[in-house]
Amino acid sequence: MGEDTEGLRRQVAAALKEHDRATAVRTAVEAVSSGAIDVPALYREVLVPLLHETGDAWRAGATTVWEEHLASQAVRSIVELVYPAVLRSKAASPPTGRSVLLACPPEEAHDLGLRLVADRFDMAGWTTYFLGADTPFDEIVDAARALGVDAVVLSSSTHFHLVALRRHVDRLRAELPGVDVWVGGPAFAVARSGWRDDEVLDLDALLSDADAAAAAAREDSVDVAHAADEAEAADAADAPHEAGSEEQKA
Ligand code: B12
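Residues numbered from 1 in each chain as written. Predicted model: local features only at pLDDT ≥ 70, side-chain atom pairs only at ≥ 80, totals over all residues.

Bringing the overall build of the protein into the picture now. Helix and strand counts for the protein come out as ten helices and four strands. Within the span of the protein, comprising 250 residues, buried residues form 26% of the whole. Partitioning the intrachain contacts of the protein with sequence separation of at least 6 by distance along the chain shows that 74% fall at a separation of at least 24. (Helix = DSSP H or I, 4+ residues; strand = E, 2+ residues; numbered from the N terminus. Buried ≥ 20, exposed ≤ 12 C-beta atoms within 10 Å, placed from the backbone. Contact = placed C-beta atoms within 7 Å.)

This part is about the site of the ligand. Near the ligand you find 34 residues, and of these Gly55, Gly113, Ser155, Gly184 and Gly185 are the closest. Elements represented by at least two residues in the shell around the ligand include exactly helix 3 (39-59), helix 4 (65-81), helix 6 (112-123), strand 3 (151-155) and strand 4 (180-184). In terms of residues, the shell around the ligand owes the most to one element, helix 3, which gives seven residues. Grouping the amino acids of the shell around the ligand by side-chain chemistry returns 15 nonpolar, 13 polar and six charged. Formed jointly, the shell around the ligand draws a minimum of three residues from each of two domains, domain 1 (1-81) and domain 2 (95-224). (Near = placed C-beta within 6 Å. Nonpolar A, V, L, I, M, F, W, Y, C, P; charged D, E, K, R; others polar. Domains from an automatic or database assignment.)

Residues Ala28, Leu42, Val75, Ile78, Leu102 and Val152 are the most contacted members of the largest nonpolar core, which totals 46 residues. Residue contributions to this core peak at seven residues, all from helix 6. Looking at which domains feed residues into this core, each of domain 1 (1-81) and domain 2 (95-224) gives three or more. (Core = buried A, V, L, I, M, F, W, Y, C linked by C-beta atoms within 7 Å.)

All right, on to the environment of Val179 then. Here Val179 shows up in the loop between helix 8 (162-175) and strand 4. Judged by local crowding, Val179 falls into the partly exposed class, with 18 C-beta atoms found within 10 Å. With 79 residues separating them along the chain, Val179 and Val100 place their C-alpha atoms 9.5 Å apart.

As a further point, take unusual backbone geometry. Of note, the phi angle at His19 is positive, near 65°, even though the residue is not glycine. Locating His19 in the fold gives a position in the loop between helix 1 (3-17) and helix 2 (21-33). You can call His19 exposed: it has 12 C-beta atoms within 10 Å.

Of all residues in the protein, 82% attain a pLDDT of 70 or more, and the chain-wide mean is 86. Ignoring residues within four places in sequence, the model shows residues 236-250, a span with pLDDT below 50, making zero contacts including any to other chains. (pLDDT = per-residue confidence, 0-100.)

For strand 1 (residues 99-103) and strand 2 (residues 127-132), the ladder comprises five bridges, and the chain directions are parallel. Within the sheet, the bridge partner assigned to Val100 lies in strand 2 and is Thr128. In this view, the connection linking strand 1 to its parallel neighbour strand 2 by way of helix 6 has right-handed handedness. (Pairing = 2+ DSSP bridges. Right-handed = clockwise from strand over helix to strand, strands pointing away.)

Let's shift gears to the sheet that holds strand 4. The parallel open sheet is built from four strands, whose spatial order is 2-1-3-4. The open sheet is flanked by strand 2 and strand 4, the only strands paired with a single partner. Strand after strand, the sheet turns through a mean of 20° between neighbouring axes, direction not considered. The pairing of strand 3 with strand 4 spans five bridges and is classified as parallel. Following the sheet pairing, Val153 is matched in strand 4 by Trp182. In this fold helix 7 (residues 137-147) packs onto strand 1, strand 2 and strand 3, with an angle of close to 165° to the strand it touches most, strand 1. (Axes fitted to C-alpha atoms, helices over the stretch in contact; angles between N-to-C directions.)

In structure tokens:
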């Protein structure tokens, strides 16, 4: 982490420690709008560590539940306020033509992590549909069908939700043939038995494959453009006669 990023993380954390939501939000949002930090680095190096520290402090009894709520709501405000920067980044990436529905399964309240994941899909050129926390199973199915998505991504933070999640994923697969169903989130860092590797999403791998495919597509289009340029140059080499004849005509 660069010194500036570390400084920003400390400023936002200090403001939240003082329960000063306005300063925390303004500091983070201005850092993005001034170009001091980009959104992926803000998430990775400032917001995620800050929330994890808040959770650790709560578990250690050093932070109250309301302070944890205050911090996570301030982070939510920051995330929504930098969404236009996410959309600019999305507009600059070639569209993948793929779409993803992101939801927390029933009874899972932790949706902030998944909200950040949605932005990463957006920035990689996917079309995203984010449904948030505690989404009823049938609504996930209906939305996936109505929107015709290519993939459904579910997040779980609490490991005691994993048994129910296994059931949901199996049912989703049966109800949505041809749709990729992936899971992820902190619960999988605690327990992963009973899950296949291809079910637990490796986001970096998926999005870097997509980046590589997009780069290859760009190269192909550059090659096509070069071929077109070369063909044009060859035509131009023949052209003097024609141009000359045009001139003569004129
Ligand atoms: C904020 C918070 C809450 C908020 C949630 C706000 C919200 N809408 O999201 C509220 C107050 C609602 C809450 C409630 C509870 N919480 Co809570 N909470 C947290 C806290 C402090 C931060 C979570 C967070 O937002 N993290 C920041 C995000 C950005 O990080 P992340 O979730 O890890 O996500 C990142 C990656 O994991 C990944 N990711 C996430 N999802 C996915 C999905 C895919 C597919 C992929 C590829 C990647 C991915 O991408 C993200 C970006 O890098 C954590 C502490 C911690 N260590 O995280 C506890 C924590 C998750 N909570 C915990 C608990 C126990 C609870 C409660 C049961 C408390 C209670 N007794 O009521 C309830 C559960 C409610 C429920 N039914 O789900 C425990 C979970 C323990 C466990 N191992 O199961 C934690 C770890 C706290 C602790 N240290 O014990 N909580």
